[in-house]
Amino acid sequence: MSTMIRPALSLLVLMTLITGVAYPLVVTGIAQVAFPAQANGSLIHDADGKVRGSSLIAQDFSGDGWFHPRPSAGAFATVASSASNLAPSNPALATRVIDDANKLQVPGQGPVPLALLTTSASGLDPHLPPAAIAYQLARVAAARNLPVSTLQQLLDKHIEQPLVGPPVVNVLELNLALQNL
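Residues numbered from 1 in each chain as written. Predicted model: local features only at pLDDT ≥ 70, side-chain atom pairs only at ≥ 80, totals over all residues. Heavy atoms only, no water.

- As annotated in an unreviewed UniProt entry, the protein chain carries the name Potassium-transporting ATPase KdpC subunit and is attributed to Pseudomonas hamedanensis.
- Among the UniProt annotations of the protein chain, the heading Subunit (unreviewed entry) holds the following wording: "The system is composed of three essential subunits: KdpA, KdpB and KdpC." (UniProt positions renumbered as here; feature names shortened; annotations may be inferred.)

Okay, structure coming up:
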């Protein structure tokens, strides 16, 4: 019996060291050299060097003076990140979307963009389409006593074109730039 247990335990220890220690250290080392910002969380710092968030994770902004991200089913908590799992036929989803649309509706601006009413799969998507940001320009301009054209220029500077997909705007980065106006 000991002739089978000893090799099995030795193999277990060896594989644990390879897959649980050596491999993660090698991958982490390569990531730190090749992609240091991404490997360290894609952190965004303010002018004072203080960490304000990550460009990969949405944050909740409330108040009329800020651009708001898409809703989050997990209340923007990274531990509980997930979708609501409500089917399109679920009355609770329809009620939430209608209530949110009524709250966000701006007279004379047309329908509320869908991105401001629906959650992302993770509940933490930091990006919105430029049209969803543009829909919020009048509200933010009024709250900050700024011309809409100034905010439009700020929006235009923050439009990103990913390798695949439509243009997007990172809401956290836009709000940090807004704070510096």
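Let us keep going from here.
**Here's the deal with the overall build of the protein chain**
Line of reasoning, step 1. For the protein chain, the count of helices and strands is 7 helices and 5 strands.
Line of reasoning, step 2. Along the protein chain, helices (α) and strands (β) appear in the sequence α-α-β-β-α-β-α-α-α-β-β-α when read from the amino end.
Line of reasoning, step 3. Relative to its length of 181 residues, the protein chain is extended, with a C-alpha radius of gyration of 23 Å against a globular reference of 16 Å.
Line of reasoning, step 4. For the protein chain, the C-alpha atoms occupy an extent of roughly 80 × 45 × 30 Å along the three principal directions.
Line of reasoning, step 5. Here the protein chain, with 181 residues, has 29% of them falling under the buried criterion. (Helix = DSSP H or I, 4+ residues; strand = E, 2+ residues; numbered from the N terminus. Rg over C-alpha atoms; globule rule 2.2 N^0.38 Å. Buried < 20%, exposed > 50% of the residue type's maximum accessible area, 1.4 Å probe, protein only.)

**Here's the deal with the sheet that holds strand S5 (residues 168–170)**
Line of reasoning, step 1. As summarised here, the arrangement of the 3 strands in space is S3-S5-S4, forming an open sheet in which the pairing is antiparallel. The open sheet is flanked by strand S3 (127–128) and strand S4 (159–160), the only strands paired with a single partner.
Line of reasoning, step 2. Note that S3 and S5 share 2 bridges and pair antiparallel. Within S5, the position partnered with His127 by the bridge is Asn170.
Line of reasoning, step 3. Helix-sheet contacts for helix H7 (residues 171–179) involve S3, S4 and S5, and the interaxial angle to S5 is about 60°. (Pairing = 2+ DSSP bridges. Contact = heavy atoms within 4.5 Å. Axes fitted to C-alpha atoms, helices over the stretch in contact; angles between N-to-C directions.)

**Observations regarding the side chain of Asn170**
Line of reasoning, step 1. Looking at where Asn170 falls in the secondary structure, it is placed in strand S5.
Line of reasoning, step 2. Under the relative-accessibility criterion, Asn170 is labelled buried at 2%.
Line of reasoning, step 3. Polar side-chain contacts of Asn170 include one of 3.1 Å to the backbone nitrogen of Leu172.
Line of reasoning, step 4. In this structure Asn170 touches Ser55, Pro126, His127, His158 and Glu160, once residues within four positions along its chain are discounted. (Polar contact = N/O pair within 3.5 Å; in protein donor to acceptor, adjacent residues only side chain to side chain.)

**Some remarks on helix H3 (residues 91–104)**
Line of reasoning, step 1. Here H3 is 14 residues long and its end C-alpha atoms lie 20 Å apart, about the 20 Å a rise of 1.5 Å per residue gives.
Line of reasoning, step 2. Within the span of H3, buried status applies to Leu93, Asp100 and Ala101. Buried residues of H3 fall within an arc of 100° about the axis and therefore sit on the same side. Facing away from the buried side of H3 by over 90 degrees, the exposed positions are Pro91, Asn102 and Lys103. (Expected span 1.5 Å × (residues − 1). Arc of directions from axis to C-beta.)

**Considering the packing of helix H5 (residues 137–144) against helix H6 (residues 148–157)**
Line of reasoning, step 1. The geometry of H5 relative to H6 is characterised by a closest axis approach of 9 Å and an angle of 120° between their N-to-C directions. When the axis of H5 is compared with that of H6, the two are oblique. Considering the relative orientation of H5 and H6, their crossing is right-handed. Along the contact surface, H5 presents Leu137, Ala138, Val140 and Ala141, while H6 presents Val148, Leu151, Gln152 and Leu155. (Parallel < 35°, antiparallel > 145°, perpendicular 65-115°, else oblique. Left-handed = near helix turned anticlockwise from the far one by under 90°.)

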